[in-house]
Amino acid sequence: MTRVLALLFATLTLLAGVGHAQAQDFGGFFDSRDIFGGGPNFRGGGGSSPIPRQTVSFASNYAPGTIYINTAERRLYLVVGNGQALRYGIGVGRDGFRWSGTHRITAKKEWPSWTPPSQMLARRPDLPRHMKGGIDNPLGARAMYLGSTLYRIHGSNEPETIGQAVSSGCFRMTNDDVTDLYSRVSVGTPVIVKN
């Protein structure tokens with residue numbers, strides 16, 4: 001019996017050490033999911049990203065407040081200055097739908113409604129013609145519209161798609177991350193997209 005208790009104690013001590021190492025590796029991101037089957041690659045509900053948001057070094061000449069999107073990395077950076085940026089995981093356009101360019105945020109909407117563009121309806125006639133905003137809406141909790149394009153930075157009700165190339169050219173974020181970004185930017189924010 002003593003041996004079993006000693007083995008159990010050693011296992012719990014080891015798990016606590018692993019959780020501590022993960023907390024350091026991910027800039028302080030840590031909760032009980034790190035030990036009980038989750039952590040930074042957790043793909044469960046609750047809107048948490050499989051790629052945690054974090055502050056990173058970011059050497060650039062971009063002004064603070066600029067959004068820089070690297071589609072190859074599947075990351076969005078919000079430049080905060082002093083050589084740093086907030087980095088978010090994103091879903092990007094699948095093959096044939098990726099693009100690059102410079103735009104500005106021209107509108108912001110909370111729980112936006114969605115009307116699929118005619119190009120999308122031609123590919124997917126099964127889609128609804130209009131969908132009210134809400135938790136089941138594919139635009140998620142927030143949307144930031146990019147110039148006069150059909151593209152947006154928006155939330156998603158499918159957090160498992162973050163880090164994937166799945167969209168028709170928009171940039172998907174978890175609802176938690178898009179809400180955070182939405183609160184930090186304004187209409188007129190420059191958005192630079194690189195492949």
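Let us look at the structure shown here. (Residues numbered from 1 in each chain as written. Predicted model: local features only at pLDDT ≥ 70, side-chain atom pairs only at ≥ 80, totals over all residues. Heavy atoms only, no water.)

Re the sheet that holds strand β2 (residues 67–70)
Right, on to step 1. Within the open sheet, the 9 strands sit side by side as β1-β4-β3-β2-β11-β6-β7-β8-β10. Their pairing is mixed. Each edge of the open sheet carries a strand with a single partner, namely β1 (54–57) and β10 (171–172).
Right, on to step 2. Taken together, the 4 bridges between β1 and strand β4 (residues 84–89) define a ladder with antiparallel strand orientation. In the strand pairing of β4, Gln 54 is matched with Arg 87. (Pairing = 2+ DSSP bridges. Helix = DSSP H or I, 4+ residues; strand = E, 2+ residues; numbered from the N terminus.)

Describing the pairing of β2
Right, on to step 1. Side chains Ile 67 and Ile 69 project from β2 onto one buried face, and the interleaved Tyr 68 and Asn 70 project onto a second face that is buried too.
Right, on to step 2. Sheet analysis places β2 next to strand β3 (residues 75–81), joined by 4 bridges and oriented antiparallel. Counterpart to Asn 70 in the pairing with β3 is Arg 75.
Right, on to step 3. As consecutive antiparallel partners, β2 and β3 are separated by 4 residues, and within that stretch Arg 74 has a phi angle of approximately 60 degrees, a positive value. (Buried < 20%, exposed > 50% of the residue type's maximum accessible area, 1.4 Å probe, protein only.)

In short, the description is geometric, and any link to function would need to be established separately.
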